[in-house]
Amino acid sequence: METSIRRMLSKSIWAQALTEEQLARVESEVVSRKIPAGGYVCRKGDPVAHWIGVHEGLLKMSSVSPEGKTVSFAGMANGGWLGEGSLLKDEPRKYDVVALRESELLYMPKATYIWLLDNSIPFNRFLVTQLNERLALFISLVEYDRMLEPDARVARCLAALFNPYLNPGIGLNLQISQEEVGNLSGTSRQRANQALQVLEKAGLLKVDYGSITINDLDGLRQFPG
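In this report, we go over the structure that sits alongside the text.

Cut-offs applied
- Residues numbered from 1 in each chain as written.
- Predicted model: local features only at pLDDT ≥ 70, side-chain atom pairs only at ≥ 80, totals over all residues.
- Heavy atoms only, no water.
- Buried < 20%, exposed > 50% of the residue type's maximum accessible area, 1.4 Å probe, protein only.
- Helix = DSSP H or I, 4+ residues; strand = E, 2+ residues; numbered from the N terminus.
- Arc of directions from axis to C-beta.
- Pairing = 2+ DSSP bridges.
- Salt bridge = Lys/Arg side-chain N within 4 Å of Asp/Glu carboxyl O.
- Contact = heavy atoms within 4.5 Å.
- Phe/Tyr/Trp six-rings, centres within 6.5 Å; stacked < 30°, edge-to-face > 60°.
- Lys NZ or Arg CZ within 6 Å of the ring centre and 35° of its normal.
- Axes fitted to C-alpha atoms, helices over the stretch in contact; angles between N-to-C directions.
- Core = buried A, V, L, I, M, F, W, Y, C linked by side-chain atoms within 4.5 Å.

## Brief notes about helix H5 (residues 110–119)
Okay, step 1: For H5, the full list of buried residues reads Thr-112, Tyr-113, Leu-116 and Leu-117. Burial along H5 is one-sided: seen end-on, the buried residues are contained in an arc of 145°. For H5, the exposed residues lying more than 90 degrees away from the buried face are Ala-111 and Asp-118.

## Focus: the sheet that holds strand S10 (residues 205–208)
Okay, step 1: Spatial strand order, S9-S11-S10: three strands in an open sheet with antiparallel pairing. Two strands in the sheet have a free side with no partner beyond their single neighbour: strand S9 (173–174) and S10.
Okay, step 2: As defined by bridge partners, S9 adjoins strand S11 (residues 211–214) across two bridges and the pair is classed as antiparallel. Residue Leu-174 lies in a different strand from S11, and its bridge partner there is Ile-212.

## Some thoughts on the pattern of salt bridges
Okay, step 1: By the definition in use, this model includes eleven salt bridges.
Okay, step 2: Glu-27 is paired through a salt bridge with Arg-6; the nearest N and O atoms lie 3.0 Å apart. Residue Glu-27 is found in helix H3 (residues 20–29), and its partner Arg-6 is found in helix H1 (residues 5–9); the two are separated by 21 residues along the sequence.
Okay, step 3: Overall, the relative accessible area of 27% leaves Glu-27 in the partly exposed class.
Okay, step 4: A single network of salt bridges, built from pairs that share partners, joins Arg-6, Glu-20 and Glu-27.

## Side note on the side chain of Thr-112
Okay, step 1: Mapping Thr-112 onto the fold places it in helix H5.
Okay, step 2: Classification of Thr-112 as buried rests on a relative accessible area of 1%.
Okay, step 3: The contact partners of Thr-112, leaving out residues within four places of it in the chain, are Val-26 and Glu-29.

## Observations concerning the packing of aromatic side chains
Okay, step 1: The final tally for this structure, using the stated rule, is eight aromatic pairs.
Okay, step 2: Judged by centre distance (6.1 Å) and plane angle (35°), the rings of Phe-126 and Tyr-165 are tilted. On the criterion of sequence distance, the pair formed by Phe-126 in helix H6 (residues 121–147) and Tyr-165 in the loop between helix H7 (150–160) and S9 is long-range, its members being 39 residues apart.
Okay, step 3: Take Phe-126: its relative accessible area is 6%, and that puts it in the buried class.
Okay, step 4: Over the ring of Tyr-107 we find Arg-33, and its NZ or CZ is 4.2 Å from the ring centre.
Okay, step 5: In this structure, Arg-43 packs its charged tip against the face of Tyr-40, placed 3.6 Å from the ring centre.

## A short note on the sheet that holds strand S1 (residues 31–35)
Okay, step 1: Spatially, S1-S8-S3-S6 is the arrangement adopted by the four strands of the open sheet, whose pairing is antiparallel. Each having just a single partner strand, S1 and strand S6 (81–82) make up the two edges of the open sheet.
Okay, step 2: With five bridges connecting them, S1 and strand S8 (residues 103–109) associate as antiparallel partners. What sits directly across from Val-31, in S8, is Tyr-107.
Okay, step 3: The strands touched by H5 are strand S3 (50–56) and S8; relative to S8, the strand with the most contacts, the crossing angle is about 65°.

## Digging into the nonpolar core
Okay, step 1: The biggest cluster of nonpolar side chains holds 27 residues, and the ones touching the most others in it are Leu-158, Val-181, Leu-196, Leu-199, Leu-205 and Leu-220.
Okay, step 2: Residue assignment for this core shows that the elements contributing at least two residues are H7, helix H8 (178–185), helix H9 (189–201), S10 and S11.
Okay, step 3: For Leu-196, the residues in contact, after removing those within four places along its chain, are Val-154, Leu-158, Gln-178, Val-181, Leu-205, Val-207 and Ile-212.
Okay, step 4: Counting 21 residues, the second-largest nonpolar core is a separate cluster that includes Ile-5, Met-8, Leu-116 and Phe-123.

Structure follows, in structure tokens:
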């Protein structure tokens, strides 16, 4: 039996603060879609018609230059939502979002999003916090890319997934492949594998086939110390 929209929404911090009437309207207007691995959730330049949430899966926000160089901005996992800034500014998407594995997503229409802004103070407070957290994340990612070696960049990019506002449904056991780690950190699969071996020897995580268990999240955030 398919999971109900309300159960999917229960992973989202903002939904827990809505009134019953507000939640009922959101539940009736949000739809779910499955995106295959490698499929585009949205493309740079697309008009913004929805706020998009991750029920199950892993997404990568990135952009490709005219020369073909890819810049990875962030990963989004269970419970995370994306596109709130573009909706507020009423502008086309500034990035691509790709599903790194088969993912089930929630799509909230723009009209519903604007209605919540007009009618829910808790929703507004959530958005202020989320935008602040995302700004801090992007500042840190620029720092990682320009100042850190690949081992540290992989460590910090993994740690960045564990943000209680941006990815509240994520657990310490990540179902993630080495190729996906490379995609998120802007390294090759082989280089990501080398970095994971370094981090495992340091006792910060444990690598299994298709998954990574985080042993020391603070250590990942501070690596190499």
